[in-house]
Amino acid sequence: MPAKISGHSLRIDSTIFDLRTIKETAYRFADKFTVDIKHEGNEYIISMFSIHEENFDATAFENHFRQELIDQDLRRMIREETSNVRNLILANAFSRSGLIPNE
Amino acid sequence: MNATFRSLSLYEESINSYSLLPARFLKIDDTRYIMSNEVGEFLILNHSEISDYVHKRLNPSTELYRNLKAKHFLLDNDSTVALDLLSLKYRTKAQTFSRFTSLHVFVVSLRCDYTCSYCQVSRQSMNSQQFDMSIETADKSLELVFRSPSEAIKIEFQGGEPLLNFDTIKYVVLKAKEINKAHGKDLRFVITTNLSYLDNKVLEFCLAHEILLSTSLDGPAELHNYNRPRPGQNGFELTIEKIKLAQQILGKESIGALMTTTAKSLPLVKEIIDVYLELDFDGIFLRALSPYGFAIQTKQSYKYDTTRWLEFYKEGLEYILEINRSGERFIEFHTAILLKKLFSPFGGTYVDLQSPSGAGINALVYNYNGEIYASDESRMLAEMGDDHFRLGSVHENTYEDIFLSDALLDTLEGSIAESSPMCHDCGLLPFCGCDPVYHYATQHDIVGHKAFSGYCEKSMGLYRHILTKLEDSPEDRAIMLSWITP
């Protein structure tokens, strides 16, 4: 029997949150919801469809999603600032490892 | 003035003068997060602390700032060696991979006298001797064992019931010791057995060659005999009798037991622990049922979900902490493994909790017929008809064939958590893994979608519970940390 689907939409300011961050947030809820993302003007419209429940608590879920979105945005900021230094640490860690002949 | 103290200007640095270093975080309860870095240093922080850290609103004079700096989460003008130190620590951790494959599992027979519904292999009947490992296969397997760069080699005999092919066990032990004279490795042996065929002859051999025994004990008689049926329904009584015999002859430290959780075990965690206490074991490993072998065919693994298993674990841990509070040292080994991952510099070598996975590089399985698998779970899948993780055969392939095979290299590549969705920015990454065999078995994809992963749910649930216990109860913290202190 196909899963019962219930929907809920929320709007995200696209000048504050980027699409990758929204997608990464949605990915984490994939066991509970499928999503449809549309870009209109300065907003992303996220339509969520519950996989398991017909009558789910939309407000609670929206709060959960928005909290996770903030966390994903913090992760993005860390990743963007530290990707070069991370590569440097790893390159330094594996230099002079003897893995490359005649090193 | 003598330069004993740092300059005053250092403490007057304006806010926003530091750089972030790589960090990941994960929520552990309603208010707290674990934030970790590439080398496994971690702090427990609340959301506003993480937000202030990322937005560079921290004042250098605060304790939080000093902690973040000491644990290499930020870099300021006063940080002179942070990057070198992080590189060195990362390199030291990764270096353990160069000494790969310390555990070599010899499946010396598929025959077994038990008929356990959750049995993780396709056991064979007692008279099917064609499912025993031959001397020729044992010889070829040993040639590969001693190609491993690892300085420590553990050969573990499994089945079926391995004591049904005790002649091959004896042969492998004596031959391995002979070969090792030229290698000088730290060579040890374990027999994983249901003890049915343990007698004085076997015990004398174990004593002479310092062989450890590991057995299965699921709990009180009714539960054990239900989970592990044996003709005569005397499995529990026989196991207890033989455990006591082995303890008496080999010493208590030379025999251990493992339990497997089934749906019937879930309301009985205290009773299960009591059985281990009565036998004077120094702890118990509260294990979940794996999704392999007959367990998946008989739908056992779906009779209870991970959430229910976590409740079972938490109830058991609480009971064990109570026992410790009353003055008796008794360890929950699952917790101890996770604590080692959190607090030991090298994190231990638990195959399931590392990136890349320990498949093949921590353990290698030699089946009775010479086929080689990346892990015991890989062999179980093969017994179910899927040989995705078969690495080759001792009769057909060289060591180089096996370790450069796509089956192994693709598995390792797919198990690198640093490049897996959801894992790559998870605060538990340094203490966890991806378990490609589990995800292949349950999702037909070695990377797997972690939002649907029982493995991920279990790991997160365990770590969240342990971390909150460590934070909230100094007494429990002291007890749990004593479990990983020699």
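Scroll up for the structure.
Residues numbered from 1 in each chain as written. Chains lettered and ligands numbered in written order. Predicted model: local features only at pLDDT ≥ 70, side-chain atom pairs only at ≥ 80, totals over all residues. Heavy atoms only, no water.

Concerning the interface of chain A and chain B
- Between chain A and chain B, the contact holds 28 residues from the first and 33 residues from the second.
- Roughly 2,700 Å² is buried in total at the junction of chain A and chain B, and carbon and sulfur atoms are behind 62% of that figure.
- Sorting the residues of chain A by area buried against chain B places Tyr 27, Ile 78 and Ile 89 of chain A first, and these three jointly supply 23% of that buried surface.
- The tally of links between chain A and chain B comes to three salt bridges.
- The salt bridge partner of Arg 28 of chain A is Asp 425 of chain B, with a shortest N-O separation of 2.8 Å.
- The tally of links from chain A across to chain B stands at 11 residue pairs in polar contact (both at pLDDT 80 or more).
- Mapped onto the side of chain A that touches chain B, the elements with two or more residues apiece are α1 (19-28) and α2 (58-94) of chain A. (Contact = heavy atoms within 4.5 Å. Buried area = accessible area lost by both parts, 1.4 Å probe. Salt bridge = Lys/Arg side-chain N within 4 Å of Asp/Glu carboxyl O. Polar contact = N/O pair within 3.5 Å; in protein donor to acceptor, adjacent residues only side chain to side chain. Helix = DSSP H or I, 4+ residues; strand = E, 2+ residues; numbered from the N terminus.)

Description of helix α16 (residues 406-414) of chain B
Residues and elements named next belong to chain B.
- Restricting attention to buried positions, one finds in α16 the residues Leu 408, Thr 411, Leu 412 and Gly 414. Buried residues of α16, seen end-on, are gathered within an arc of 165° and therefore sit on one face of the element. Structural note: α16 exposes Asp 406 and Glu 413 on the side pointing more than 90 degrees away from its buried face.
- Considering only its buried residues, α16 is in contact with β15 (390-393), α15 (399-403) and α17 (436-443). (Buried < 20%, exposed > 50% of the residue type's maximum accessible area, 1.4 Å probe, protein only. Arc of directions from axis to C-beta.)

Considerations on the packing of aromatic side chains
Residue and element names in this part refer to chain A.
- Enumeration over the complete set of coordinates arrives at 20 aromatic pairs over all chains.
- Ring geometry for Phe 29 and Phe 61: centres 5.2 Å apart, planes at 80°, overall edge-to-face. Separated by 32 residues along the polypeptide, Phe 29 in the loop between α1 and β2 (33-40) and Phe 61 in helix α2 bring together distant segments of the chain.
- The exposure class assigned to Phe 29 is buried, which follows from its relative accessible area of 7%. (Phe/Tyr/Trp six-rings, centres within 6.5 Å; stacked < 30°, edge-to-face > 60°.)

Quick notes on the nonpolar core
Residue and element names in this part refer to chain B.
- Core analysis: the largest hydrophobic core is formed by 108 residues, its most contacted members being Ile 34, Phe 106, Ile 155, Phe 157, Leu 213, Leu 217 and Leu 467.
- Ranked by the residues each element gives to this core, the list is headed by helix α12 (residues 306-325), at nine residues.
- The residues touching Leu 217, leaving out its near neighbours within four places in the chain, are His 224, Phe 236, Thr 239, Ile 240, Ile 243, Ala 257, Leu 258, Met 259, Val 275, Tyr 276, Leu 279 and Phe 281.
- By size, the runner-up hydrophobic cluster in this structure holds 19 residues, among which are Tyr 33, Leu 43, Ile 50 and Tyr 65. (Core = buried A, V, L, I, M, F, W, Y, C linked by side-chain atoms within 4.5 Å.)

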